[in-house]
Amino acid sequence: MVGRGSAAKAKSGGPPGVRIVVAGDRGSGKSSLIVTAATETFRANVPPLLPPTRLRDDLYPDRVPVTIIDTSSSVETRGILAEELKRADAVVLTYACDQPATLDRLSTFWLPELRRLEVRVPVIVVGCKLDLRDEQQPGSLEQVMSPIMQQFREIETCIECSAFSHIQIPEVFYYAQKAVLHPTGPLFDQEAQTLKPRCVRALKRIFILCDHDRDGALSDAELNDFQVKCFNAPLQPSEIVGVKRVVQEKLPEGVNDRGLTLTGFLFLHALFIEKGRLETTWTVLRKFGYNNDIRLSNDQLPSPIRRGPDQSVELTNEAVEFLRGIFFLFDIDGDGALRLPEIEDLFSTAPESPWSEAPYKDAAEKNALGGLSIDGFLSEWALMTLLDPIRCVEYLIYIGYTGDPSSAIRVTRRRRLDRKKQQSERNVFQCFVFGPKEAGKSALLNSFIGRYFSDVYTSTTDERYAVNVVDQLGGTKKTLVLREIPEDDGVRKLLSMKESLAACDIAVFVHDSSDESSWKRATELLLEVASHGEMTGYEVPCLIVAAKDDLDPHLTAIQDSTRVSQDMGVEAPIPISTKLGDFNSVFRRIVSAAEHPHLSIPETEAGRTRKQFHRLINRSLMVVSVGAAAAIVGLAAYRVYAARKNASS
């Protein structure tokens, strides 16, 4: 048998059953292999295609149901074969040991076919009819299979068997089941002979959770609690002594006077895996809620959040206070900022740092040494909560949040209701930043997160975020998220979706105040956005920002922008100069406008006409209603009069 680790299909915890599909050339021994595994008896005559076959639950130690699916290799049933392969948890590919051509077909057809179908599950290559192989056939199994395994890394194990002679039949499906339930790939790097980084991070988190007294070592009592939680059985004192002795002999720093250290804990798991006891480490991981991707499984996280398009998600006060405590706990040097090593330490118990890539990378303000202040730190979390609330909760749990996961986030009130109440209760506002090229959008975002002005122009092709805390008058703090929308493709793509403005608390339109064409394009964008809001019912407050105020202004643009703002019912343009650092309280004004969602909503000519039409219709309906009511009253009065007249006569 030749083996290697590979990643299996991700499942949450132990799967309820394993579905193994057997495929291969005609006459390669598929059906005989299945029948012999199920009945422990060789049959000379077996049907060409077997129905789904269930192995005994007690055949293997995990007692997990195994269903084996036989397949036909005929061209006529190729579609059925493809569907079965796509539903597989593992695939057994067979070849006949007495027919070298069937072995060649593995690399020329079967394995490429699995890739073409995007079947990403462990593959067990099985040489059947071992009893018929020519003894003069050169080369061992390892020599024959090594080149194929190098080319096709999805092969987990290669094994030879004989249904006729009952050689290694149970082992075939044991290895297939084990590759699904206890895959090597996510845990261990076979070439480097080390635990993989994500596995180390998960085990470190588990170690910290079990280190109740936080002294950096698992005492005998803590080791015993860990054993009971994971394996439902206590450790005898002699067993604990034996475990620590094994670690200390191989790795002296793995044990100290307080107990088993993190280094020793990781060494033990590497040792289990090297000895083929992957089920030990997987049992531990699954007891602590991990799936086969070594991430928290869905049942550890809140259910999908039900909310309207114009509702957002924010951290609760409880979660914010937890994060404040975490910030100061990991600010080892006490400089009021978390630098990169401290952030890496913070996320060392998570699968990876969530802020190493867009949209979170470089989205918050950092100091000269690249450190995040407390406001920058909380801003990153606010952005992650806004864009991906479930992932945010997942990472809160990784770094030590022990409260109810659903208590960490809250859904805000619908913006339509905020507009009726003329006040928003939100703590985090999202601002879409529109504008033509070279208007100063990126400079506005850069200044918001404390970056120096640069005269070098770089076109923004993808959406970008900047987030920071804004101090309001009266001492309140709000978090503002600026989302830069690239011109043309970005705007077109955004406005092609009906609910695209539902997530927008306020829109800002930036133009170069020294360039008339820049203003004209900004006006067009304002009309497009305002029209889209009127048509969909997701109107948003809007502000106009006249950037580059340090340059000579274009008088026509100033006059036109003032007229347009008056005509559309929004504030006059706000002049700023990012080059001179003169921002005219623009960020505070953006937040203030977002807090009052009933104001600064632009009205287009078409929207105004539509409203007048609706008012006219409503007035007409009211007149008709009043007239109808009067007629009914008159008819009732006539009937009373007629009844009295008849009575008197």
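Cut-offs used in this document
- Residues numbered from 1 in each chain as written.
- Predicted model: local features only at pLDDT ≥ 70, side-chain atom pairs only at ≥ 80, totals over all residues.
- Heavy atoms only, no water.
- Helix = DSSP H or I, 4+ residues; strand = E, 2+ residues; numbered from the N terminus.
- Rg over C-alpha atoms; globule rule 2.2 N^0.38 Å.
- Buried < 20%, exposed > 50% of the residue type's maximum accessible area, 1.4 Å probe, protein only.
- Contact = heavy atoms within 4.5 Å.
- Areas by Shrake-Rupley, 256 points an atom, 1.4 Å probe, with all protein chains shown as cover.
- Lys, Arg positive; Asp, Glu negative; His and termini not counted.
- Charge placed at Lys NZ, Arg CZ, Asp CG, Glu CD.
- Pairing = 2+ DSSP bridges.
- Right-handed = clockwise from strand over helix to strand, strands pointing away.
- Salt bridge = Lys/Arg side-chain N within 4 Å of Asp/Glu carboxyl O.
- Domains from an automatic or database assignment.
- UniProt positions renumbered as here; feature names shortened; annotations may be inferred.
- Phe/Tyr/Trp six-rings, centres within 6.5 Å; stacked < 30°, edge-to-face > 60°.
- Lys NZ or Arg CZ within 6 Å of the ring centre and 35° of its normal.
- Axes fitted to C-alpha atoms, helices over the stretch in contact; angles between N-to-C directions.
- Parallel < 35°, antiparallel > 145°, perpendicular 65-115°, else oblique.
- Nonpolar A, V, L, I, M, F, W, Y, C, P; charged D, E, K, R; others polar.
- pLDDT = per-residue confidence, 0-100.
- Arc of directions from axis to C-beta.

Okay, the overall build of the chain next. A tally of regular secondary structure across the chain gives 21 helices and 20 strands. In terms of C-alpha radius of gyration, the chain reaches 35 Å, well past the compact-globule figure of 26 Å for 649 residues. Along the first, second and third principal axes, the C-alpha atoms of the chain reach 110 × 90 × 60 Å. Within the chain, the fraction of its 649 residues that count as buried is 49%. A fraction of 73% describes how many contacts in the chain between residues 6 or more apart in sequence connect residues 24 or more apart. Carbon together with sulfur atoms contributes 53% to the accessible area of the chain, which is approximately 31,700 Å² in total. Across the chain, the centroid of the 78 positively charged side chains sits 8 Å from that of the 87 negatively charged ones.

Bringing the pairing of strand β18 (residues 506-512) into the picture now. Of all 7 residues in β18, 7 are buried, a share of seventy percent or more. Of the strand pairs in this sheet, strand β15 (residues 428-434) and β18 are connected by 4 bridges, and their pairing is parallel. In the sheet register, V433 faces β18, and the bridge partner there is V508. Taken together, the 6 bridges between β18 and strand β19 (residues 542-547) define a ladder with parallel strand orientation. Residue pairing across strands places V508 opposite L543, the latter belonging to β19. Assessed by its sense of winding, the connection that carries the chain from β18 through helix α18 (residues 516-536) to β19 is right-handed.

What follows concerns the pattern of salt bridges. All told, the structure shown has 40 salt bridges when counted by the stated rule. One salt bridge in this structure joins D560 and R563, with 3.9 Å as the shortest N-O distance. Pair noted here: D560 and R563 are both in helix α19 (residues 555-568), with a separation of 3 residues, about one helical turn. A relative accessible area of 22% places D560 in the partly exposed class.

Partitioning the chain into structural domains gives domain 1 (18-181), domain 2 (194-294), domain 3 (313-412) and domain 4 (426-606). Computed from C-alpha coordinates alone, the two centres of domain 2 and domain 4 are separated by 54 Å.

To continue, consider the UniProt feature "domain: Miro" (unreviewed entry) in the chain. Feature annotation in UniProt places "domain: Miro" (unreviewed entry) on residues 15-182 and 426-596, given in this structure's numbering. End C-alpha to end C-alpha, residues 426-596 measures 11 Å, and it is 35% helix and 22% strand.

Let us look at the packing of aromatic side chains. Applying the stated criterion to the full structure yields 20 aromatic pairs. Ring geometry for F347 against Y395: centres 6.2 Å apart, planes inclined by 75°, an arrangement best described as edge-to-face. Within this pair, whereas F347 is found in the loop between α12 (340-346) and α13 (374-387), its partner Y395 is found in helix α14 (residues 389-398), the two being separated by 48 residues in sequence. Assessed through its relative accessible area of 0%, Y395 is described here as buried. Note on F448 and F587: the rings are 4.6 Å apart at their centroids and 40° apart in plane angle, and the pair reads as tilted. A residue pair is termed long-range when its members are at least 10 positions apart, and F448 in helix α16 (residues 441-448) and F587 in helix α20 (residues 586-595) qualify at 139 residues. As far as burial versus exposure is concerned, F448 and F587 are alike and both buried. In textbook terms, an aromatic cluster arises when at least three aromatic residues are bridged by ring pairs, as seen for F327, F328, F347, W355, F377, W381, Y395 and Y398. Between the NZ or CZ atom of R416 and the centre of the ring of Y538, over which it lies, the distance is 5.1 Å.

Turning to the packing of helix α7 (residues 220-231) against helix α10 (residues 278-287), a few remarks are in order. Two packed helices can be described by the angle between their axes and the distance between those axes. Two elements in contact, α7 and α10, have axes whose closest approach is 9 Å; the angle formed by their N-to-C orientations is 90°. One element, α7, and the other, α10, form an angle in the roughly perpendicular class. Only T280, T283, V284 and K287 of α10 make contact with α7, whose side of the interface consists of F226, K229, C230 and F231. Within the contact of α7 with α10, the residues separate by chemical class into 4 nonpolar, 2 polar and 2 charged.

It is at 9 Å that the axes of helix α1 (residues 30-39) and helix α5 (residues 169-181) come closest, and there the two elements cross at 95°. In this view, α1 runs roughly perpendicular relative to α5, as classed from their interaxial angle. Between α1 and α5, the residues in contact are L33, I34, T36 and A37 and I169, V172 and F173, respectively.

Turning next to the sheet that holds strand β17 (residues 477-484). Pairing is mixed in the open sheet, where 6 strands are placed in the order β16-β17-β15-β18-β19-β20. Of all strands in the sheet, those with a lone pairing partner are β16 (464-471) and β20 (574-575), marking the two edges. Its contacts with the sheet place α13 against β15, β16 and β17, and it is angled at close to 125° to β16. Strands β15, β16, β17 and β18 of the sheet are contacted by α16, whose axis makes an angle of about 45° with β16.

Across the chain, the average pLDDT comes to 90, with 91% of residues at 70 or higher. Throughout residues 5-15 the model reports pLDDT below 50, and contacts reaching past four residues in sequence, or to other chains, amount to 43 contacts.

Turning our eyes to something else, we now look at the sheet that holds strand β11 (residues 255-256). Read across the open sheet, the 3 strands follow the order β10-β12-β11; overall the sheet is antiparallel. Edge positions in the open sheet fall to β10 (217-218) and β11, since each of these has one partner strand only. The sheet strands contacting helix α9 (residues 262-274) are β10 and β12 (259-261), and the helix crosses β12 at an angle near 75°.

Take the side chain of S447 next. With respect to the helices and strands, S447 occurs in helix α16. Exposure remark for S447: the relative accessible area of 16% places this residue in the buried category. Those residues in contact with S447 that sit more than four places away from it in its chain are T578, F583 and F587.

Of all the residues in helix α2 (residues 78-86), the buried ones are L81, A82, E84 and L85. One side of α2 holds all its buried residues, which, seen down the axis, span an arc of 165°. Tucked into the core, α2 has its buried residues touching β2 (18-24), β4 (66-70), β5 (90-96) and α3 (100-116).

The amide bond that connects A358 to the next residue, P359, takes the cis arrangement and shows omega of 5°. Inspection of the secondary structure puts P359 in the loop between α12 and α13. The backbone of N232 shows a phi angle near 60°, a positive value even though the residue is not glycine. Along the chain, N232 falls in the loop between α7 and α8 (237-250). Of note, S585 is a non-glycine position whose phi angle comes to about 55°, a positive value. Structurally, S585 can be placed in the loop between β20 and α20.

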